[in-house]
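This is what each chain is made of:
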Amino acid sequence: MNADMALASLPDGLGFMVEVDGTYPLAELTAALNSVCDQVERRGENSVLVLRLGTAPTETREWPGEGDVQAVNRWERAVRRLEQLAAVSIVVAQGTCSGPALDLLLAADLRIGTPDFELLLPVNDGHFWPGMSLFRLVKHVGLARARRIVLWGTDIALAEARELGLIDQVSDDVPDAVRTAAVLTSRISDRETAIRRQLLIEAGTFEYDDALGAHLAACDRELRRLRKAAVAAGASTAREL
């Protein structure tokens, strides 16, 4: 995966797939992820993005390597951009994954793992990397389990990853699993799903009264969408008669 690499098309025009090489320097990964988001956004709605995490050397645990805080900020913004795409994102994690793997797993909508999956956590000199993956991890698995992972974890095997919700589905037939998931999600891969995803993310931090306005706005949008669809369906029926 590099900045000038085009996405491969999924069968039947369901979306795109890209290989993510976690051994690339942070700046190149950031540029590549932004390029991927550019292409997916140009495609529009009803598109699925599949990111395949490449198998990492088993001794590779350090992340993000050389760089400065500005480079880290650009990476975090690229991951946040992925998290906010209208397109449904699917991560395929095969073998030993490290580097940006935890960031991408936590930002994705659906996570498919293979039976040999193992996640090497981002640890430098014994210390967990304090990036936004730590923030997402707390929201995803809760403070108690996140604390255990951050303070004592060195790797996460498949069984634990499933129990934590880092992996949603296990398959030893990746092409079939990807196609099935793409077919099922492409029809809801649009702005409406992005709105619901954001409401789910915010639910972990907002109080009820603070969240109510955003939910009512989303409900109003949905009611207007349904009325518009009903009018269109009625007009279509009238023309047929």
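Above: the structure in question.
Described below are features of the structure shown in this document. Everything numeric here is computed off the predicted structure, so don't read it as measured data.

What about the overall build of the chain?
And then number 1: When helices and strands are counted, the chain shows nine helices and 11 strands.
And then number 2: Here the C-alpha atoms of the chain give a radius of gyration of 19 Å, agreeing with the 18 Å that 2.2 N^0.38 yields for 241 residues.
And then number 3: Along the three orthogonal principal directions, the C-alpha set of the chain runs to about 70 × 45 × 35 Å.
And then number 4: The buried share among the 241 residues of the chain stands at 43%.
And then number 5: In the chain, the proportion of contacts linking residues at least 24 apart, taken out of those at least 6 apart, comes to 72%.
And then number 6: Total accessible area on the chain is roughly 12700 Å²; 55% of this is exposed by carbon and sulfur atoms.
And then number 7: On the chain, the mean spot of the 26 positive side-chain charges and the mean spot of the 35 negative ones are 8 Å from each other.

Remarks on the pairing of strand 2 (residues 15-20)
And then number 1: With respect to burial, strand 2 is a largely interior element, five of its six residues being buried.
And then number 2: Sheet topology places strand 1 (residues 8-9) next to strand 2; two bridges connect them, and they run antiparallel. Of the residues in strand 2, the one forming a bridge with Ala8 is Met17.
And then number 3: Once strand 1 ends, the chain turns through five residues before running back antiparallel as strand 2, passing Asp12 with a positive phi of about 65°.
And then number 4: Relative to strand 3 (residues 48-53), strand 2 runs parallel, the two sharing six bridges. Across the sheet, Gly15 pairs through a bridge with Val48, a residue of strand 3.

Some details on the layout of surface pockets
Empty space among the atoms can be located by rolling a probe the size of a water molecule over them.
And then number 1: Taken as a whole, the largest pocket encloses approximately 580 Å³ of empty space.
And then number 2: Around the largest pocket sit 23 residues that line it, and Glu83, Leu106, Arg136, Lys139 and Ile201 are the ones nearest its centre.
And then number 3: Listed by contribution, the elements that provide at least two residues to the lining of the largest pocket are helix 2 (69-83), helix 3 (101-107), helix 4 (132-141) and helix 8 (191-203).
And then number 4: If one sorts the elements of the lining of the largest pocket by residue count, helix 8 sits on top with seven residues.
And then number 5: A per-class count over the lining of the largest pocket returns seven nonpolar, five polar and 11 charged.

Regarding the nonpolar core
And then number 1: Among the nonpolar cores identified, the biggest contains 47 residues, and Leu53, Leu82, Phe117 and Leu119 are the most heavily contacted of them.
And then number 2: If we skip the residues at most four places from it in the chain, Leu82 touches Leu33, Cys37, Leu49, Leu51, Ser89, Leu104 and Ala107.
And then number 3: Core analysis: the next-biggest nonpolar cluster, separate from the first, contains 15 residues, Met17, Val92, Leu110 and Ala177 among them.

Notes on the sheet that holds strand 4 (residues 88-93)
And then number 1: Read from one edge to the other, the open sheet built from six strands follows the order 1-2-3-4-6-11, with strand pairing classed as mixed. On the outer flanks of this sheet lie strand 1 and strand 11 (169-170), each paired with one strand and no other.

Quick word on a nonpolar patch on the surface
And then number 1: A cluster of nonpolar residues, Tyr208, Leu212 and Leu216, forms a patch on the protein surface that exposes about 340 Å² of accessible area.
And then number 2: Of note, Tyr208 is situated in helix 9 (residues 208-240).
And then number 3: The class for Tyr208 is exposed, based on a relative accessible area of 64%.

Rules of the game
- Residues numbered from 1 in each chain as written.
- Predicted model: local features only at pLDDT ≥ 70, side-chain atom pairs only at ≥ 80, totals over all residues.
- Heavy atoms only, no water.
- Helix = DSSP H or I, 4+ residues; strand = E, 2+ residues; numbered from the N terminus.
- Rg over C-alpha atoms; globule rule 2.2 N^0.38 Å.
- Buried < 20%, exposed > 50% of the residue type's maximum accessible area, 1.4 Å probe, protein only.
- Contact = heavy atoms within 4.5 Å.
- Areas by Shrake-Rupley, 256 points an atom, 1.4 Å probe, with all protein chains shown as cover.
- Lys, Arg positive; Asp, Glu negative; His and termini not counted.
- Charge placed at Lys NZ, Arg CZ, Asp CG, Glu CD.
- Pairing = 2+ DSSP bridges.
- 1 Å grid on protein atoms, 1.4 Å probe; cavity = no way out; pocket = protein on both sides within 12 Å on 5 of 7 lines; lining within 4 Å.
- Points joined across faces, edges and corners; volume = space filled by probe spheres on them.
- Nonpolar A, V, L, I, M, F, W, Y, C, P; charged D, E, K, R; others polar.
- Core = buried A, V, L, I, M, F, W, Y, C linked by side-chain atoms within 4.5 Å.
- Patch = residues over 30% accessible without salt bridge, like charges linked within 9 Å, V, L, I, M, F, W, Y side chains within 5 Å.
- Salt bridge = Lys/Arg side-chain N within 4 Å of Asp/Glu carboxyl O.

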